[in-house]
Amino acid sequence: RDCDVCLVGSEMCIRDRNRALSDFAQTVAHDLKSLISAITGFSELLEQEYESLSAQDRQASMNKVKETGFKMDDIINELLFLARAKREDVVLRNIDLNIAVQEAMQRLQRKIDATGAKIVVGELDKMVQGHQPWIEEVIYNLLSNALSHAGRQLTVRIDTESSAGGMSRVRITDNGDGMSEDQLRVLLEQPEELPYTWVKGHGLGLSIVHHVLEKLGSSLQIQCVESQGCCFSFLLPAGSLRSAQEVE
C-alpha cells in the first residue's frame, strides 16, 4: 500500500513537471516565433518595397531587424544560462552586490534607453553571500521584466534592507503597470492561462530567477498593486555572517 501511495505521488510529480516543462517550452516558442515573424516581415518589406521606401523608412526597417535579432540572441543566451545553472554546483562566497547590479544594468542599457526608464540604485549592502554570475542574472531578469511592462515615466529602484537572522533583502521596485491579485495568482500558479502579451515578459525570466534562487536556498517574493507597480525581492545571507556552504 505504501508503495502504491509512493507510486501515485511519483506519477503526480512527473505529470506536474511535464506540465511545467510544456508551459515553459510553449512560452519560449511563442517568444521566438513572434521574433522570427517580425524579422521575416521587415525583410519582406525591404525586399518588395525597397525602391519606393524613403531612406528613413529603409533605415527604420533595418533597425527593427537588428533589434529583433538582439532580442532573439538574448533569449538564446538565457536558455543556455538556465541549462548551465541546472547542472552547475556552486559554493556561496562573499560577493560585491554593487558590481552585480552595475553589470546587469550594463547588459540592459539598450532596453533602458529604448524605454526611457530611470533606474535608481539606492543603498546596497556591499557584501552578501552568493554566487556572482547567478546573482547578476537574477537582477538582470528582474530589471528586464520591469522594463518589459514599463508604463509611462517608469522608475525602477534597486536597494537592500537588513532582515532578521543576518540576512539582506534585495528589492527591485517599479512604478509600472503592476498586477491585480488575480493576475499575480495566475502568473505564479497557472501562467498558461494569462494572455500571451502578459506571459512573454515574465515566463523565461522568472523561470531562471526561481531556479537560481532555489539553488541558492532563497526564494522570490512578489508584491504588486494594479496600476501602481511591483516589488520583487529575495533574501541573501549578509557577507561574512555565515560560512560558505555547498549549494546542492
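Quick caveat, the model's predicted, so the values are computed rather than measured.

### Focus: the overall build of the protein
Helices and strands together make up the secondary structure of the protein, namely eight helices and nine strands. When burial is assessed residue by residue, the protein has 40% of its 248 residues classed as buried. Taking the contacts inside the protein whose residues are at least 6 apart along the sequence as the reference set, 76% of them involve residues at least 24 apart. Accessible surface, the protein as shown: approximately 14,400 Å² in total, 50% of it carbon and sulfur.

### Topic: the environment of Tyr140
Summarising the element assignment, Tyr140 is placed in helix H5 (residues 132–148). Given the relative accessible area of 7%, Tyr140 is considered buried. Remark: the alpha-carbon pair of Tyr140 and Ala104, spanning 36 residues in sequence, is separated by 4.7 Å. In contact with Tyr140, not counting residues within four places along its chain, are Asp74, Glu78, Ala104, Arg107 and Leu108.

### As for the state of the cysteines
Within this structure, the stated rule accounts for one disulfide. In this structure Cys231 is a free cysteine whose sulfur lies 8.6 Å from that of Cys224, the closest cysteine sulfur available. Overall, the relative accessible area of 14% leaves Cys231 in the buried class.

### Quick word on the sheet that holds strand E5 (residues 155–163)
In a beta sheet, neighbouring strands pair by backbone hydrogen bonds and run either parallel or antiparallel. An order of E3-E5-E6-E8-E7 is seen for the five strands of this open sheet, with the pairing classed as mixed. A strand with exactly one partner marks an edge of an open sheet, and here the two such strands are strand E3 (118–121) and strand E7 (220–225). When strand polarity is set aside, the average angle formed by the axes of neighbouring strands in this sheet is 20°. Pairing geometry for E7 and strand E8 (residues 229–237), over six bridges, is antiparallel. Within E8, the position partnered with Ile222 by the bridge is Phe232. Lying over the sheet, helix H3 (residues 97–107) contacts E3, E5 and strand E6 (167–174), oriented at roughly 170° with respect to E3. Lying over the sheet, H5 contacts E3, E5, E6, E7 and E8, oriented at roughly 175° with respect to E8.

### Structural notes on the side chain of Ser144
In this structure, Ser144 sits in helix H5. Beyond its immediate chain neighbours, meaning those up to four positions away, Ser144 contacts Leu108 and Lys111.

### Regarding the pattern of salt bridges
A complete count under the given rule lists six salt bridges for this structure. Of the charged contacts, one joins Arg171 and Glu161 as a salt bridge, the two residues approaching to 3.2 Å between their closest N and O atoms. A residue pair is termed long-range when its members are at least 10 positions apart, and Arg171 in strand E6 and Glu161 in strand E5 qualify at ten residues. The exposure class of Arg171 is partly exposed, given its relative accessible area of 24%. With relative accessibility at 33%, the residue Glu161 sits in the partly exposed group.

### A short note on the pairing of E5
Looking at chain direction, E3 and E5 are connected through four bridges and run parallel. Residue Lys118 lies in a different strand from E5, and its bridge partner there is Thr155. Pairing of E5 with E6, which is carried by eight bridges, proceeds in the antiparallel orientation. Among the inter-strand pairings, Ser163 is bridged to a residue of E6, identified as Met167.

### Here we look at H5
Its 17 residues give H5 an end-to-end C-alpha distance of 24 Å, which sits within 8% of 24 Å, the value for a rise of 1.5 Å per residue. Judged by how many residues are buried, H5 sits mostly within the fold: 14 of 17 residues are covered.

### Some points on the packing of aromatic side chains
Centre-to-centre distance and the angle between the planes together describe a pair of aromatic rings. For the coordinates displayed, the defined rule picks out zero aromatic pairs. Between Arg58 and the ring centre of Tyr50, over which it is positioned, the NZ or CZ distance is 4.1 Å. Taking NZ or CZ as reference, Arg107 lies 3.8 Å from the ring centre of Tyr140, over its face.

So, how was this worked out
Residues numbered from 1 in each chain as written. Predicted model: local features only at pLDDT ≥ 70, side-chain atom pairs only at ≥ 80, totals over all residues. Heavy atoms only, no water. Helix = DSSP H or I, 4+ residues; strand = E, 2+ residues; numbered from the N terminus. Buried < 20%, exposed > 50% of the residue type's maximum accessible area, 1.4 Å probe, protein only. Contact = heavy atoms within 4.5 Å. Areas by Shrake-Rupley, 256 points an atom, 1.4 Å probe, with all protein chains shown as cover. Disulfide = S-S within 2.5 Å. Pairing = 2+ DSSP bridges. Axes fitted to C-alpha atoms, helices over the stretch in contact; angles between N-to-C directions. Salt bridge = Lys/Arg side-chain N within 4 Å of Asp/Glu carboxyl O. Expected span 1.5 Å × (residues − 1). Phe/Tyr/Trp six-rings, centres within 6.5 Å; stacked < 30°, edge-to-face > 60°. Lys NZ or Arg CZ within 6 Å of the ring centre and 35° of its normal.

Limitation: the analysis is restricted to geometry and does not speak to function.
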